[in-house]
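Residues per chain, in single letters:
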Amino acid sequence: MLPLNVLPQPQDEHLSQAGLFRGLAPPALTDVAKSARQRSIQNDAFFFHQGDPATTLYVLIQGRVRIVQVTPDGQQVILRIISTGEMFGGIAALGDASYPASAQTLEASVALAWDGDNMACLMEEYPRIALNALRLLAGRYQEMQDRYRELATERVERRVARALLRLLRQTGRKVDNGVLIDFPLSREDLAELTGTTLYTVSRILSGWEKAGLVETGRQRILIRLPHKLVVIAEDLPPAQSSDIT
């Protein structure tokens, strides 16, 4: 693991864009920045592993990170893709705990880092940070509840469509012929995001390619007709598809 390096100051611009620090006044952001350190991690490496002592909270400022959990039966599940400005490893601020999942880079990444004890002190001094953290964690909890419901009740095609739409909202970049999910995403990654098999995901994507909904390449997915994916994700009658924008 790479060492924590003291950040050059100021880092207020990065912090002001992060949900964890939303609403903080400039002097408070400067104070928070002074406590931060930087971690630079190469592609396909780890900020932390599942089961490690939870000592550090992070805010991503460059790159992409996936949060991965290995189940007791050895199955790997991607819980979430972390984008720029998002917090991860937040359990470190809650005291004596272990990381429940691993944080693995999808590309070379840089994050601001705070020791758990330092972040707890900052939360006491600036209650807005604690409130923001609670809201973010509540949002993550709701997202996990929704994912569980999808796994338990929805057909696989809907789950894959919902996962692609979530990624599109997080990282989508408009291009001439659609919206590109703008980071390396393999079919195996998509299978781990949706709790299904590589074979099933490949079959679904091949069908969508033939229908002109998506275009796939080596670790890339272009969404050509996002509104059609909405119809699939929401299980709408085909007649309603023309009303989706």
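Everything numeric here is computed off the predicted structure, so don't read it as measured data. (Residues numbered from 1 in each chain as written. Predicted model: local features only at pLDDT ≥ 70, side-chain atom pairs only at ≥ 80, totals over all residues. Heavy atoms only, no water.)

**Some details on the sheet that holds strand E11 (residues 178-181)**
Phase 1: As summarised here, the arrangement of the 4 strands in space is E10-E11-E13-E12, forming an open sheet in which the pairing is antiparallel. In the strand order of this sheet, the two ends are held by strand E10 (172-175) and strand E12 (214-217), each with one partner. Between one strand axis and the next, the sheet turns by 25° as a mean value, whatever way the strands run.
Phase 2: Bridge count between E11 and strand E13 (residues 220-223): 2 bridges; the pairing is antiparallel. Residue pairing in the sheet places leucine 180 in a bridge with leucine 222 of E13. (Pairing = 2+ DSSP bridges. Helix = DSSP H or I, 4+ residues; strand = E, 2+ residues; numbered from the N terminus. Axes fitted to C-alpha atoms, helices over the stretch in contact; angles between N-to-C directions.)

**Let's talk about the packing of helix H5 (residues 156-171) against helix H8 (residues 226-233)**
Phase 1: Between H5 and H8, the shortest axis-to-axis distance is 8 Å and the interhelical angle comes to 135°. Taken together, H5 and H8 sit at an angle that is classed as oblique. Classified by chirality, the crossing of H8 by H5 is left-handed. Together, Glu157, Arg158, Ala161, Arg162, Leu164, Leu165 and Leu168 of H5 and Pro226, Leu229, Val230, Ile232 and Ala233 of H8 make up the contact between the two elements.
Phase 2: Residues of the contact of H5 with H8, tallied by class, amount to 9 nonpolar, no polar and 3 charged. (Parallel < 35°, antiparallel > 145°, perpendicular 65-115°, else oblique. Left-handed = near helix turned anticlockwise from the far one by under 90°. Contact = heavy atoms within 4.5 Å. Nonpolar A, V, L, I, M, F, W, Y, C, P; charged D, E, K, R; others polar.)

**Observations concerning the pattern of salt bridges**
Phase 1: Enumeration according to the criterion identifies 10 salt bridges in this entry.
Phase 2: Arginine 80 is the partner of glutamate 143 in a salt bridge, and the nearest nitrogen-oxygen pair spans 2.4 Å. Of the two residues, glutamate 143 is situated in helix H4 (residues 127-153) and arginine 80 in strand E6 (residues 76-82); the sequence distance between them amounts to 63 residues. Both residues of the pair, glutamate 143 and arginine 80, count as buried.
Phase 3: One salt-bridge network, in which partners are shared between bridges, spans Arg80, Glu86, Arg140 and Glu143. (Salt bridge = Lys/Arg side-chain N within 4 Å of Asp/Glu carboxyl O. Buried < 20%, exposed > 50% of the residue type's maximum accessible area, 1.4 Å probe, protein only.)

**Digging into the confidence of the model for the protein**
Phase 1: Looking at the protein as a whole, its pLDDT mean stands at 85, while 91% of the residues score no less than 70.
Phase 2: Averaged pLDDT values over the elements of the protein bottom out at 42 in strand E1 (residues 5-6) and peak at 97 in strand E3 (residues 46-48).
Phase 3: Overall, residues 1-10 carries pLDDT values under 50, and its contacts beyond four positions in sequence, including any with other chains, amount to 20 contacts.
Phase 4: Of the regions scoring below 50 in pLDDT, residues 240-245 engages in 7 contacts with residues more than four places distant in sequence or in other chains. (pLDDT = per-residue confidence, 0-100.)

**A short note on unusual backbone geometry**
Phase 1: Here aspartate 44, not a glycine, exhibits a phi torsion of approximately 60°, which is positive.
Phase 2: Position of aspartate 44 relative to the elements: it lies in the loop between strand E2 (37-41) and E3.

**Structural notes on the nonpolar core**
Phase 1: Formed by 43 residues in total, the largest nonpolar core has its most connected members in Leu20, Phe21, Phe47, Phe88, Trp114, Met119 and Ile129.
Phase 2: Setting aside residues up to four positions removed in sequence, leucine 20 forms contacts with Leu57, Val59, Met87, Met119, Ile129, Asn132, Ala133 and Leu136.
Phase 3: By size, the runner-up hydrophobic cluster in this structure holds 29 residues, among which are Ile81, Leu106, Leu168 and Leu229. (Core = buried A, V, L, I, M, F, W, Y, C linked by side-chain atoms within 4.5 Å.)

**Comments concerning H8**
Phase 1: Taken together, the buried positions of H8 are Leu229, Val231, Ile232 and Ala233.
Phase 2: Summarising the contacts, the buried residues of H8 are in contact with H5, helix H7 (198-210) and E13.
Phase 3: Following H8 by one or two positions, aspartate 235 adopts a phi angle in the positive range, close to 55°.

**Focus: the packing of H5 against helix H6 (residues 187-194)**
The geometry of a pair of packed helices is captured by two quantities: the angle between their axes and the separation between those axes.
Phase 1: Packing of H5 against H6 leaves a shortest axis separation of 9 Å and a crossing angle of 110°. Compared by their axis directions, H5 and H6 come out roughly perpendicular. The segment H5 lies against H6, with Arg159, Val160, Ala163, Leu164 and Leu167 engaging Leu190, Leu193 and Thr194.
Phase 2: Tallied by class, the residues present in the contact of H5 with H6 amount to 6 nonpolar, 1 polar and 1 charged.

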